[in-house]
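So you can see what is in the structure, the chains are spelled out below.
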Amino acid sequence: MPHSINLSRSDFDMCDIVEEVRRRVDDSGLPRNIITIEITESAIGSDFDFMKQEIARFQQLGFPVWMDDFGSGYSSLDVLQSIKFDLIKFDMIFMKKLDDGESGKIVLSELMRMATSLGVDTVCEGVETKEQQRFLQEIGCSKLQGYYYTKPIPLESILERYEKGIQIGYG
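Residues numbered from 1 in each chain as written. Predicted model: local features only at pLDDT ≥ 70, side-chain atom pairs only at ≥ 80, totals over all residues. Heavy atoms only, no water.

## Here's the deal with the pattern of salt bridges
Logical step 1: Evaluation of the coordinates by the stated rule reveals 13 salt bridges.
Logical step 2: Put simply, Arg22 and Asp26 hold a salt bridge, and the shortest N to O gap is 2.7 Å. Of the two residues, Arg22 and Asp26 both sit in helix 2 (residues 17-28), 4 residues apart, roughly one turn of that helix.
Logical step 3: By sharing partners, the salt bridges in this structure join Glu19, Arg22, Asp26 and Arg32 into a single network. (Salt bridge = Lys/Arg side-chain N within 4 Å of Asp/Glu carboxyl O. Helix = DSSP H or I, 4+ residues; strand = E, 2+ residues; numbered from the N terminus.)

## Some details on the side chain of Asp68
Logical step 1: Note on placement: Asp68 falls in strand 3 (residues 65-70).
Logical step 2: No salt bridge forms around the buried Asp68; measuring N to O, its nearest opposite-charge neighbour Lys89 is 4.1 Å away.
Logical step 3: In this structure, Asp68 is in contact with Asn6, Glu38, Ile39, Thr40, Glu41, Lys89 and Glu125, ignoring residues within four places of it in sequence. (Buried < 20%, exposed > 50% of the residue type's maximum accessible area, 1.4 Å probe, protein only. Lys, Arg positive; Asp, Glu negative; His and termini not counted. Contact = heavy atoms within 4.5 Å.)

## Details of the packing of aromatic side chains
Logical step 1: Under the definition given, this model contains 5 aromatic pairs.
Logical step 2: Relative to Phe94, the ring of Phe90 has its centre 5.7 Å away and its plane inclined at 80 degrees; by these criteria the two rings are edge-to-face. Comparing Phe90 with Phe94 shows no difference in burial state: the two are buried.
Logical step 3: Ring centres of Tyr148 and Tyr149 lie 5.1 Å apart, and the angle between their planes is 90 degrees; on these two criteria the pair is classed as edge-to-face.
Logical step 4: These aromatic residues form a ring-pair network of at least three members: Phe12, Phe58 and Phe63.
Logical step 5: Over the aromatic face of Phe135 sits the side chain of Lys105, whose NZ or CZ is 5.7 Å from the ring centroid. (Phe/Tyr/Trp six-rings, centres within 6.5 Å; stacked < 30°, edge-to-face > 60°. Lys NZ or Arg CZ within 6 Å of the ring centre and 35° of its normal.)

## Considerations on helix 7 (residues 102-117)
Logical step 1: Taking 1.5 Å per residue, 16 residues should reach 22 Å; helix 7 reaches 22 Å between its end C-alpha atoms and fits that length.
Logical step 2: Every buried residue belonging to helix 7 is among Gly104, Leu108, Ser109, Leu111, Met112 and Ala115, and all of these are buried. Viewed along the axis of helix 7, the buried residues span an arc of 165 degrees, placing them on a single side of the element. Facing away from the buried side of helix 7 by over 90 degrees, the exposed positions are Glu102, Ser103, Ile106, Arg113 and Ser117.
Logical step 3: Those residues of helix 7 that are buried are in contact with strand 3, helix 5 (77-82), strand 4 (87-90), helix 6 (93-97), strand 5 (121-124) and helix 8 (130-138).
Logical step 4: Phi for Gly119, located one or two positions after helix 7, is positive at around 80 degrees. (Expected span 1.5 Å × (residues − 1). Arc of directions from axis to C-beta.)

## Observations concerning the packing of helix 2 against helix 4 (residues 48-60)
Logical step 1: Relative to each other, helix 2 and helix 4 sit at 20 degrees, their axes nearing to 10 Å. The orientation of helix 2 with respect to helix 4, classified from their angle, is roughly parallel. Here helix 2 and helix 4 pass one another in a crossing that is right-handed. Across from Ile17, Val18, Glu19 and Val21 in helix 2, the residues of helix 4 making contact are Glu54, Arg57 and Phe58.
Logical step 2: A breakdown of the residues in the contact of helix 2 with helix 4 according to their chemical character gives 4 nonpolar, no polar and 3 charged. (Axes fitted to C-alpha atoms, helices over the stretch in contact; angles between N-to-C directions. Parallel < 35°, antiparallel > 145°, perpendicular 65-115°, else oblique. Left-handed = near helix turned anticlockwise from the far one by under 90°. Nonpolar A, V, L, I, M, F, W, Y, C, P; charged D, E, K, R; others polar.)

So this is what it looks like as structure tokens:
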């Protein structure tokens, strides 16, 4: 079962986090490709070249790297042009803006088109309604995540869903 590790900027500043994750994953016997590294766009901001290098190191070792919370701050499209992420996770703020009129739909549609053109998978957080789900599928979002699929559930329910082959929180 795939797992994600969310890393902050301080994780990169405190140690060689790439080596630390690699060592622990290898020691566990898990395949690297089922451990996704999630990095928020705000963590990339300062010392861009260093972060670009660290993301590339993770990917060279076989770890997928996702940009988490894209759009939550002051997104730089230069980041998407300069760093090849395996997936962009659009912040739930985009879902909230879908109800504000056509501009929210236009912005999200164009961002989705851009990501697809760059060959990057996408996931939208905060999907709560059938209408949002339908719209996101129409504009080509790769994965959907949110309360529409499931609310936070206890470990026992997660294990039960896993045994039955039911996905948890993604569509």
